[in-house]
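# Structure assessment
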Amino acid sequence: MRLLAAAARQPNTPHPLLAALRRLLSTATSSYYYDPTAQFLHPDHRRVLSLPASLRHDAHLALARLLKTSPQCHLALHAVSGGSPYSSPLAARFAAASRLSASASALRPFAAILLAALLPAASADLLSWSSSSSSGCARARYAALRLALHAFLAAGMAAEALHVLARVRRSGNTPSLSALAALLRLLFRGGEVRAAWNVFEEMAARGPRPSLAIFNAMLLGFCHRGMLRLASGLLGVMENKFGVVPDACSYNILIKGHCVFGWSGDAFKLFEEMCTSGRDPTVMTYNILVDVLCHEGRMVEARKLFDEMAQVGIKANTITFNVLIDGDGYAKTGRMDEASTAYKEMIVRGLVPDSCTFNILAAGAYKFGHNAAQLLVHDCGMSGSHISAAERLDVLVCRLCWDGRLDDAWELLHGAIEQGVPVSVAGFNALIAAYSKEGLHEAAFQLYRIMNKLGLAPSTHTFNYLIMGLCHQGRLDEAQLVLEHMVSKGYCLSTSFTIYLDASFREGDAVRALKCWDDMEKIGLQPDFIAFSAYVNGLCRLDYVNEAYQAFFEMTTRGLVPNNITYNSIISAFCRAGNMAEALKLQKQMRQSGLVPDVYTSNILIDGLCREGNLNMVDSLLLDMCSNGLIPDTVTYNTIINAYCSAKDMNGAMNFMNKMFAAGCEPDIFTYNIWMHSLCSNHMLNQAGKVLDELAARGCAPNSVTYNTLMDGICSDVLDRAMILTGRLIKMAFQPNTITLNVFLSHFCKQGFGKRALMWAEKLREDSFVFDDATRNIIDWAQREMENDPQASKEDIDRCLFLEFLMFMTYETMHNSRSSKATHVPTDKGFDPAGSNMMTILDTG
């Protein structure tokens, strides 16, 4: 199967990373990943089912011993796994698996997996066989039920497992704690919270007595579902009612749950309770808390907690450094020197970077410096590295995705699957993210389906990338379906809701966005720093200033520290609303909170003051900006020059143009357009022509605004000068647009040629040119003018002919441009049309 590619293949220049794949494949069959028991599974199931690593050693020894000493073992294995799934009667296969399970306790999990490979096709037969009352004692019947229970659990079939569990209870037997723990995890994963609670209640009433592992499974399930109050209550009754003492894992689960759902304050209270009750925090505890502080922008506290680890004798691990590097945003913001320093500190401490480390660093390195990316990939150890084959594969796939070579990334991943190289969710997520970014949502969902077929459980990141891709295309209804699927399955939802919330605001759909915000509260999800920032920014974008300020205030009262981006959003909203007093007050508050206003903050305030015409205060703010070490940029100068031009103060505008050159700040096309518009508005077309010459001399390409500004001036100027400048524009390959047409049509009306405007409008309509609201208003104006068309003089006729000439040139240029455009429609030949059904796709997971 071939997936869509975002970039063209380059067959003559094979990517060096594809050569690395061959080396990867040649070293990927290490004993760490090789599971000898997999050879007894049917080929369709080898990558889906495998023994847990902790059970493999004992199972291998028991199987080797039986193969040497017991001919019956050979027969049992052949009966269960030989040939196709239906080459021998199912009852005989079940019986053979039962004999294998009875031969050694270490082989019970292996026998259960052999039966799980026959499911779900053989589900009804297995249920019937396990409850059969034919020959055999009660002990044998219980062994059959136990084997069936573990087989259904291994196959992920919770409903059938509950059915078998009920039969075990009715037979008077007590199920094992390991089976019940696996069942609880399976039920919570499927969102069956009520069923999981019923299983737990039955344990408390009929046994076996819940162990620490059972309680931790319950805590984890409740936290995944956002039921933090229930989880906290369960922690309280563990020791008091059942005599089970919570361990560090119990507290870590609860602390993580509170952090994920935005209750970081309660998470730190649990941390204090953990310490005072004599449970020593682990490195995982600190990693969770450092991570949440980083995400909330509380970097000083995060670093302090990181340093505290060494003081209490806990060594930071690779995950700790990953959290700091990613949380600090070194790689994300291009601060690669600091990221590299943290990376080197890891090496000095003897820590082994994993695929996440390399992905974080390489993503930033490749974005901000290609050579750095190459060094990181080399350091990853493409030949003989200490990181695993799966991790090396992830790094290679990520690198190809950053390089835009999605065909090669898929070829790499597909080749690894075919060759039996272990693949992980991280590699799939990288490619799904790349497809979503390129707008290839069908390719992304096809990859999601492949993950499910391989038995890889999608992570929260998987769904987030799918939601992001749909949101970028404005397909919010489908994104909502994915979000609802995540809610039903108990996934972590904080980032998912934030992506959907931000997309709703960007689409201008305030109703949808506010509903999303309310839904977060309904499911018990407390917005974190990122969610609040997106909410405030979205409200500001739609000019809901009061609501944005209220949300901003609530954010600060919850202990979430706004960053520069959040402050800039709310300051900008107040400036647009004309409330400069509140905007300046917020800038002062920003400084008091320890944040340093950046050049963007200053530009926002300068723009607001310019809108009010308060140019004296602009000068003062500019001086204040420079005294604080901020260097005015092109946007700063453009804003001020535009304000002086609007105030008809050409000397003041020229003064700031000179300051701009003196400061070494190069003007851009916006600077020239502002200046040109002012000159044309003041009928200084000769000077506008000189600006056009300066543009050409500096190699700054004019854009449509430049042309339209000049055309507007030409149409109003003296005929001779206008014709000369028109010739120069035509030589510069003038590219007109709808605004250009509107300029000409409006000038026909201004100069009393409404009839000609209507004639050209009709011709444009016949050729299917798209009119905007301005065009329609001009046509109405022309109809009114036509009723009063004065007798044209000789000069008026010349002016009309000149406008006709300009209009004709514009029309011809646009017409030729439209007819020469080739329409490229990508095809999705590699995809199943049924895959577009969102619920069908998600339900396969």
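Residues numbered from 1 in each chain as written. Predicted model: local features only at pLDDT ≥ 70, side-chain atom pairs only at ≥ 80, totals over all residues. Heavy atoms only, no water.

The name given to the protein in an unreviewed UniProt entry is Pentatricopeptide repeat-containing protein, and the organism recorded there is Urochloa decumbens.

## Considering the overall build of the protein
Looking only at helices and strands, the protein has 45 helices and zero strands in total. Relative to its 845 residues, the protein shows a buried fraction of 49%. Considering only residue pairs separated by 6 or more positions, the protein has 65% of its internal contacts joining residues 24 or more positions apart. Accessible surface, the protein: about 40,500 Å² in total, of which carbon and sulfur atoms supply 55%. (Helix = DSSP H or I, 4+ residues; strand = E, 2+ residues; numbered from the N terminus. Buried < 20%, exposed > 50% of the residue type's maximum accessible area, 1.4 Å probe, protein only. Contact = heavy atoms within 4.5 Å. Areas by Shrake-Rupley, 256 points an atom, 1.4 Å probe, with all protein chains shown as cover.)

## Some words on the pattern of salt bridges
What the rule picks out here adds up to 14 salt bridges. A salt bridge links Arg-303 to Asp-307; the nearest nitrogen and oxygen atoms lie 3.6 Å apart. Highlighted residues: Arg-303 and Asp-307, both in helix α16 (residues 299–311), separated by four residues, approximately one helical turn. When its relative accessible area of 37% is taken as the criterion, Arg-303 is described as partly exposed. Of the charged contacts in the structure, one is a salt bridge between Asp-509 and Arg-512, with a shortest N-O distance of 3.2 Å. Among the charged side chains, a salt-bridge network with shared partners connects Arg-169, Glu-202 and Arg-206. (Salt bridge = Lys/Arg side-chain N within 4 Å of Asp/Glu carboxyl O.)

## Focus on the packing of helix α41 (residues 738–750) against helix α43 (residues 773–786)
With their axes 9 Å apart at the nearest point, α41 and α43 run at an angle of 15° to one another. When the interaxial angle is binned, α41 and α43 end up roughly parallel. Considering how the two elements wind past one another, α41 and α43 form a crossing that is left-handed. Every residue of α43 that contacts α41 at Thr-738, Asn-742, Leu-745, Ser-746, Cys-749 and Lys-750 is listed here: Ala-774, Thr-775, Ile-778, Trp-781, Ala-782 and Glu-785. For the contact of α41 with α43, the residue count by class is six nonpolar, four polar and two charged. (Axes fitted to C-alpha atoms, helices over the stretch in contact; angles between N-to-C directions. Parallel < 35°, antiparallel > 145°, perpendicular 65-115°, else oblique. Left-handed = near helix turned anticlockwise from the far one by under 90°. Nonpolar A, V, L, I, M, F, W, Y, C, P; charged D, E, K, R; others polar.)

## Some details on unusual backbone geometry
A cis amide bond links Leu-119 with the next residue in sequence, Pro-120, at an omega value of 5°. Residue placement: Pro-120 occurs in the loop between α5 (108–116) and α6 (123–130). Cis geometry is adopted by the peptide bond preceding Pro-208, which originates at Gly-207 and carries an omega value of -5°. With respect to the helices and strands, Pro-208 occurs in the loop between α10 (193–206) and α11 (212–224). Even without being glycine, Asp-543 reaches a positive phi, approximately 65°.

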